[in-house]
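Examining the three-dimensional arrangement
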Amino acid sequence: MTVHRNAATDYSDQRRGRVPPAVPGEHGLGLLVGDSEPMQRLYDAIRGCAPGDSSVFLVGESGSGKERVARTIHQLSPRAKHGFVPLFCGALSPELLESELFGDDRSTFPGGVRDHAGYLQRAAGGTLFLDDITEMNAGLQARLLQVLEGGAAPGTRRGMASDARIITATSMDPEEAVERGRLNADLYRRLAQVGIRVPTLRERGEDIVRLAEHFLRECNAETGAEKEFQEDTRDALRSHDWPGNVRELKEAVRHSHLLAGAAIKLEDLPGRVSSAGPGNSDYIRVNVGTPLSEVERRAILSTLEHYDGDKKKAADTLKISLKTLYNRLKQYNDRQ
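Model, not experiment: these values are computed from the prediction.

What follows is about the confidence of the model for the protein. Fine structural detail should not be taken from predicted coordinates in areas where pLDDT scores are low. When pLDDT is averaged across the protein, the result is 83; 80% of the residues are at 70 or more. Across the protein, the secondary-structure element scoring lowest on mean pLDDT is helix α1 (residues 12–15), at 35, and the one scoring highest is strand β3 (residues 56–59), at 98. Low pLDDT, under 50, characterises residues 1–25; the predicted model gives this stretch 53 contacts beyond four residues in sequence or across chains. Note on residues 107–113: pLDDT under 50 across the span, and eight contacts to partners over four residues away in sequence or across chains.

Shown next, in the form of structure tokens:
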């Protein structure tokens, strides 16, 4: 797949007020929050493709935020003044999905009682987002390809040109989906004029904590509370694998916010997350792509905890001077 990476396109649309930042003061683009290297590459891809009309094919694990990426592309595009119309292919039966996608023309059905505009028509001038495209059956995929190439839609007597921009998403590898018959090869080529991979949460390093703080601020705003994460809670968030990605993190933060007092402690996290905390073993887990500064921080704090706060033993084990250890700890405290 071709991924646009146009670093020359900047935040001018946001500065003109067309697209609000994710949250004032936070790093991000459109509806997306994060400052990690994988997210910077994603932002470049979004900026590169948003101004055009090319179909975009998003690939990413479940819960990684593909719909938010699609909405951000729409908001940064000239189509932002028109609608963003999402259709979740895996949530509907084949018959209902066909009706919702293409609509119904009563003149083609004996006893037809109503005309029903499909999502392709409703998204005219705007963006149609087809999530879980691999859940659409083969026959319907073939009909969609026919319509996109200017043919007649099911239930109509005429061609059905659509001015909707199509953004498609799947959690499957598209090449594998084609091989397994889950994705029509010609349709894939038509929909993947631009291909973008959405990174997993575990690839995003310190974005995990940035997002957790973002969701915590949302919870605090909704309830009027002023709750904060304790540092060992942040460490547990960093250490968890997040197989459910951003969706799982958001649910974990909301769960913790309901249970916690003013400080969100390790035991307030869901069990699957709190068990990843650094105090639960003599090992630390580091995901690929974690910044070296963060690896160092975790190693120092975990070693210090292992020796019950004995700084000299920790420094000796880490083979650094006691002065260096004190300097690092001061840096970590200053960040909080």
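The next point concerns the sheet that holds strand β4 (residues 84–88). With respect to topology, five strands assemble into an open sheet ordered β4-β7-β8-β3-β9, the strand pairing being parallel. The outermost strands of the open sheet, each flanked by one partner alone, are β4 and β9 (194–197). Neighbour-to-neighbour, the strand axes of the sheet open up by a mean angle of 20°, direction not taken into account.

Running from N to C, helix α10 (residues 231–239) and helix α13 (residues 292–306) point in directions that differ by 125°, and their axes come no closer than 12 Å. Between α10 and α13, the crossing angle belongs to the class labelled oblique. Crossing hand, α10 versus α13: left-handed. Between α10, through E231, D235, R238 and S239, and α13, the contact on the second element is made entirely by E294, R297, R298 and L301. A class-by-class count of the residues in the contact of α10 with α13 yields one nonpolar, one polar and six charged.

Once that is clear, we can look at the pattern of salt bridges. Evaluation of the coordinates by the stated rule reveals 23 salt bridges. Linking E98 and R143 is a salt bridge whose minimum nitrogen-to-oxygen distance equals 3.1 Å. With E98 in helix α4 (residues 94–102) and R143 in helix α6 (residues 138–148), this residue pair connects regions lying 45 residues apart in the sequence. Here R180 and E176 are joined by a salt bridge, their closest N and O atoms 3.3 Å apart.

Further remarks concern the nonpolar core. Counting residues in hydrophobic clusters, the biggest one holds 29 residues, and the most contacted among them are L101, L128, L130 and L144. Looking at this core, the elements that each hand over two or more residues are β3, β4, α4, α5 (119–122), β7 (127–131), α6 and α8 (185–191). Top element by residues in this core is α6. It accounts for five residues. If we ignore the near neighbours within four places in the chain, the residues touching L101 are L87, G118, Y119, L120, L128, L130, M136 and L144. Counting 22 residues, the second-largest nonpolar core is a separate cluster that includes C49, L58, V69 and I196.

The next thing to look at is the side chain of T233. Turning to its location among the elements, T233 is positioned in helix α10. Engagement of the side chain of T233 in a polar contact is seen with the backbone nitrogen of L266, the distance being 3.2 Å. Excluding its chain neighbours within four sequence positions, the residues that come into contact with T233 are I264, K265, L266 and L269.

In this structure the tally under the stated criterion is two aromatic pairs. The interplanar angle of 25° and the centroid separation of 6.0 Å between the aromatic rings of F84 and F129 together place this pair among those described as stacked. On the criterion of sequence distance, the pair formed by F84 in strand β4 and F129 in strand β7 is long-range, its members being 45 residues apart.

Right, let's get into the side chain of N220. Checked against the element boundaries, N220 lands in helix α9 (residues 207–223). Those residues in contact with N220 that sit more than four places away from it in its chain are A225, E226, K227 and H257.

Our focus in this paragraph is the pairing of β3. A two-sided burial pattern is seen for β3, the buried positions comprising V56 and L58 on one face and F57 and V59 on the other. With four bridges joining them, β3 and strand β8 (residues 165–170) adopt parallel strand pairing. The partner of V59 across the bridge, within β8, is T170. In this sheet, β9 lies alongside β3 in parallel orientation, the contact comprising four bridges. Considered in β9, the bridge of V56 is made with V194.

Helix-helix packing is described using two parameters, namely the angle between the two axes and the distance between the axes. One way to put it is that α4 packs onto α6 with a least axis distance of 11 Å and a crossing angle of 10°. With respect to their mutual orientation, α4 and α6 come out roughly parallel. On α6, the residues touching P94, L97, E98, L101 and F102 of α4 are L140, R143, L144 and V147. Here the contact of α4 with α6 is composed, by residue class, of seven nonpolar, no polar and two charged.

Let us now look at the pairing of β7. The buried count for β7 comes to five of five residues, which makes it a mostly enclosed element. Alternating residues of β7 divide into T127, F129 and D131 and L128 and L130, and every residue in both groups is buried. Two elements, β4 and β7, share five bridges in a ladder whose sense is parallel. If you follow L87 over to β7, its bridge partner there is L130. The pairing of β7 with β8 spans four bridges and is classified as parallel. Across the sheet, residue L128 finds its bridge partner in β8, namely I166.

Criteria and cut-off values
- Residues numbered from 1 in each chain as written.
- Predicted model: local features only at pLDDT ≥ 70, side-chain atom pairs only at ≥ 80, totals over all residues.
- Heavy atoms only, no water.
- pLDDT = per-residue confidence, 0-100.
- Helix = DSSP H or I, 4+ residues; strand = E, 2+ residues; numbered from the N terminus.
- Contact = heavy atoms within 4.5 Å.
- Pairing = 2+ DSSP bridges.
- Axes fitted to C-alpha atoms, helices over the stretch in contact; angles between N-to-C directions.
- Parallel < 35°, antiparallel > 145°, perpendicular 65-115°, else oblique.
- Left-handed = near helix turned anticlockwise from the far one by under 90°.
- Nonpolar A, V, L, I, M, F, W, Y, C, P; charged D, E, K, R; others polar.
- Salt bridge = Lys/Arg side-chain N within 4 Å of Asp/Glu carboxyl O.
- Core = buried A, V, L, I, M, F, W, Y, C linked by side-chain atoms within 4.5 Å.
- Buried < 20%, exposed > 50% of the residue type's maximum accessible area, 1.4 Å probe, protein only.
- Polar contact = N/O pair within 3.5 Å; in protein donor to acceptor, adjacent residues only side chain to side chain.
- Phe/Tyr/Trp six-rings, centres within 6.5 Å; stacked < 30°, edge-to-face > 60°.

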